[in-house]
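# Structural features, examined
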Amino acid sequence: MQAPAGGSKENLFVLKFIDEATAQRMLDVITQLQTQKLIKCDDAALVTRRADGRPKIRQAHNLVGAGAMGGAFWGLLIGMLFLNPLAGMAIGAGAGALSGKMTDIGIDDNFIKQVANSIQPGEAALFLLTREAVMDKIMPQIKDIQFQVIQTSLSSQDEAQLREMLGSARAQ
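Numbers given to residues run from 1 along each chain, matching the order in which its sequence is written. Local features in this predicted model are restricted to residues of pLDDT 70 or higher, and side-chain atom pairs are both shown and tallied only at a pLDDT of 80 or more, whereas totals for entire chains, interfaces and linings draw on every residue. Side-chain metrics in this entry use all non-hydrogen atoms of the structure; hydrogen atoms and water are not considered.

Turning our attention to the packing of aromatic side chains. Any aromatic ring pair is given by two values, namely how distant the centres are and how the planes are angled relative to each other. Stacked, tilted and edge-to-face are the three classes assigned to paired rings of Phe, Tyr and Trp, where Trp is represented by its six-membered ring and a pair needs centres within 6.5 Å; plane angles under 30 degrees give stacked, over 60 edge-to-face, the rest tilted. A complete count under the given rule lists one aromatic pair for this structure. Look at F17 and F147: their rings are 5.9 Å apart centre to centre, the planes differ by 40°, and that puts the pair in the tilted class. Of the two residues, F17 sits in strand β1 (residues 11-17) while F147 sits in the loop between α5 (135-142) and β5 (148-152), which places them 130 residues apart along the sequence. Where helices and strands are cited, they refer to DSSP runs of H or I of at least four residues and of E of at least two residues respectively, numbered from the N terminus.

This is the structure in structure tokens:
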């Protein structure tokens, strides 16, 4: 079963956790699921509220690094075709890093700050911009992590289906 919205449409999920460690655990699971090709996470941000009330925002997805890796791969491949793989890899990595640096897809910074101001000190929020999620394989992986869905970009019907799936995954 695919994500409730299906297709390659991006969906935003804002999840609330009792602390930063629990949010980080979820982010680690999402990262692992992404390496298994069960979800594509285009952007992520972890927000915590310090004891003094100030928010701490950490972008968890490094577009510059991803761009450099992709550029290095393509540069190496093109370099191999022209018998100079090291130069091709270096040029590709540089172009990929520049592309990643200039790309500002993802979660709106103002929205992140707005949600950060709504959580209590010690709590955390995780913003995930995802697509192509295989929900029936993801649910067992996240069932033991305690969190609350505070906002999604899903339709009301798809969000209700997601909440139902989360409820049944935790009940097992």
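Read on, since the account is not over.
With that settled, consider the sheet that holds β5. A pair of strands is labelled paired if DSSP reports no fewer than 2 bridges between them. With antiparallel pairing, the five strands of this open sheet are ordered in space as β3-β2-β4-β1-β5. Each edge of the open sheet carries a strand with a single partner, namely β3 (55-59) and β5. Between one strand axis and the next, the sheet turns by 20° as a mean value, whatever way the strands run. Where β1 lies against β5, four bridges are found, and the strand directions are antiparallel. Residue K16 lies in a different strand from β5, and its bridge partner there is Q148. Against the sheet, helix α1 (residues 20-35) contacts β1, β2 (40-49), β3 and β4 (124-131), and its axis sits at roughly 170° relative to β2. Residues count as neighbours in contact if any of their non-hydrogen atoms are within 4.5 Å of one another. Angles run from 0 to 180 degrees between N-to-C directions of axes, and those axes are lines fitted to C-alpha atoms, restricted for helices to the stretch in contact. Its contacts with the sheet place helix α4 (residues 109-116) against β1, β2, β3, β4 and β5, and it is angled at close to 140° to β3.

Here, a salt bridge means any Lys or Arg side-chain nitrogen found within 4 Å of an Asp or Glu carboxyl oxygen. Tallied over the full model, the rule gives six salt bridges. When the shortest N-O distance is used, the salt bridge between D42 and R131 registers 2.7 Å. A residue pair is termed long-range when its members are at least 10 positions apart, and D42 in strand β2 and R131 in strand β4 qualify at 89 residues. Only protein chains enter the accessibility calculation, which uses a 1.4 Å probe; a residue is then buried when its area is under 20% of its type maximum, exposed when over 50%, and partly exposed in between. What makes R131 partly exposed here is its relative accessible area of 24%.

If a residue is not glycine, its phi is most likely negative; likewise, a peptide bond is most likely trans. In this structure, K37 is a non-glycine residue whose phi angle is positive, near 65°. The topology assignment puts K37 in the loop between α1 and β2. K37 sits in the exposed class, given a relative accessible area of 70%. Its identity as a non-glycine residue notwithstanding, E132 has a phi of 50°, on the positive side. Among the structural elements, E132 can be located in the loop between β4 and α5.

Take the nonpolar core next. The set of buried Ala, Val, Leu, Ile, Met, Phe, Trp, Tyr and Cys residues whose side-chain atoms join them within 4.5 Å is what this entry labels a nonpolar core. Judged by nonpolar contacts, the single largest core of 30 residues is most densely connected at L15, F17, M26, L128, I138, I142 and F147. A total of six residues in this core trace back to one element, the largest contributor, which is α1. Those residues in contact with F17, other than ones at most four positions away along the chain, are T22, A23, M26, E123, A124, L126, I145, Q146 and F147. The next biggest cluster of nonpolar side chains, apart from the first, holds 12 residues, and it includes I112, A116, I119 and A125.

This brings us to α1. In this analysis, the expected span of each helix is defined as 1.5 Å times one less than the number of residues it contains. Taking 1.5 Å of rise per residue, 16 residues should cover 22 Å, and α1 covers 23 Å from first to last C-alpha, within 8% of that figure. Regarding α1, the residues found buried are T22, A23, M26, L27, V29, I30 and L33. Buried residues along α1 cover an arc of 160° about the axis, so they all sit on one side. Exposed side of α1, more than 90 degrees from the buried face: A21 and T35 are the residues found there. Directly beyond the C-terminal end of α1, a positive phi value near 65° is found at K37. What the arc covers is the set of directions going from the helix axis to the C-beta atoms.

Moving on, we get to α5. Every buried residue of α5 is accounted for by M135, I138, M139 and I142. Buried residues of α5, seen end-on, are gathered within an arc of 105° and therefore sit on one face of the element.

Quick look at the packing of α1 against α5 now. The N-to-C vectors of α1 and α5 enclose an angle of 145°; their axes lie 11 Å apart at closest approach. For the crossing formed where α1 meets α5, the hand is right-handed. Between α1 and α5, the contacting residues are M26, V29 and L33 on the first element and I138, Q141 and I142 on the second. Side-chain classes are defined by residue name, with Ala, Val, Leu, Ile, Met, Phe, Trp, Tyr, Cys and Pro counting as nonpolar, Asp, Glu, Lys and Arg as charged, and the others, Gly among them, as polar. Looking at the contact of α1 with α5, its residues break down into five nonpolar, one polar and no charged. By definition, turning the near helix anticlockwise from the far helix through less than a right angle yields a left-handed crossing, and turning it clockwise yields a right-handed one.

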